[in-house]
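Inside the fold
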Amino acid sequence: NLGIGLQEPTPIDDYEPRKQNALAETRLGNWETACLELEACLLERPDDWDVINALGVACFRCGDLDQAIALFQKGIALSSAPRDFHHNMAFILLETHNFVNALEHALQALDYTRDNPDIRRTVERASEGVLQLARKVLRRYGDSQRLRAKQDPEYKELMARYHVAKEILQSKSNKADMKA
């Protein structure tokens, strides 16, 4: 009679409550605790986009830039709409003064949500950083060689990126105005 009609109790799936608790720790700014809890969640479900994104932010806040970048890159590769991964990547690249790559990721994030004010600000900040890099190239030449400086390939590439970003912001702004 042993085991007849008896079933093994099914383990309670406590993943979602643990995940929500870990995400709450990020909202509270408890970065170390969030990292530990999110890492445990990621071991269980390595393709959970929310966990990957939140862990990337938490790693950045804990000072582990390389891990944060790796997580955002993983999210970009896994997600069919990686807007938040691109935006967070742009943000941390801005913080580390990697303006060229920050601009690239910010523009990719903007492609998903044209009118998002946070992403637009990130594009603006990154493009201003790129402009500052271009100005540094000009300063290397001095005032007497300004014309020669403007032919410098690095300067031309930086200015091209800056102008593309400004045009995209302007065109997306015009489209939003037309809808209003």
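Preceding this section is the structure that the text describes.
Residues numbered from 1 in each chain as written. Predicted model: local features only at pLDDT ≥ 70, side-chain atom pairs only at ≥ 80, totals over all residues. Heavy atoms only, no water.

**Focus: the overall build of the protein chain**
A tally of regular secondary structure across the protein chain gives 9 helices and 0 strands. Put simply, the protein chain runs from its N terminus to its C terminus through helices and strands in the order α-α-α-α-α-α-α-α-α. Per-residue burial for the protein chain yields a buried fraction of 38% across its 180 residues. Of the roughly 11,000 Å² of accessible surface on the protein chain, 52% is carried by carbon and sulfur atoms. (Helix = DSSP H or I, 4+ residues; strand = E, 2+ residues; numbered from the N terminus. Buried < 20%, exposed > 50% of the residue type's maximum accessible area, 1.4 Å probe, protein only. Areas by Shrake-Rupley, 256 points an atom, 1.4 Å probe, with all protein chains shown as cover.)

**Comments concerning the pattern of salt bridges**
For the structure on display, the rule yields 11 salt bridges. With a shortest N-O distance of 3.2 Å, Lys-19 and Asp-50 are connected by a salt bridge. Linking Lys-19 in helix H1 (residues 15–28) with Asp-50 in helix H3 (residues 49–61), this pair joins segments that are 31 residues apart in sequence. A salt bridge links Arg-140 to Glu-154; the shortest N-O distance between them is 2.8 Å. Of this pair, Arg-140 sits in helix H7 (residues 117–141) while Glu-154 is found in helix H9 (residues 153–179), placing the two residues 14 residues apart along the sequence. Overall, Arg-140 belongs to the exposed group, its relative accessible area being 54%. Residues participating in the shared-partner salt-bridge network are Asp-14, Arg-18 and Glu-44. (Salt bridge = Lys/Arg side-chain N within 4 Å of Asp/Glu carboxyl O.)

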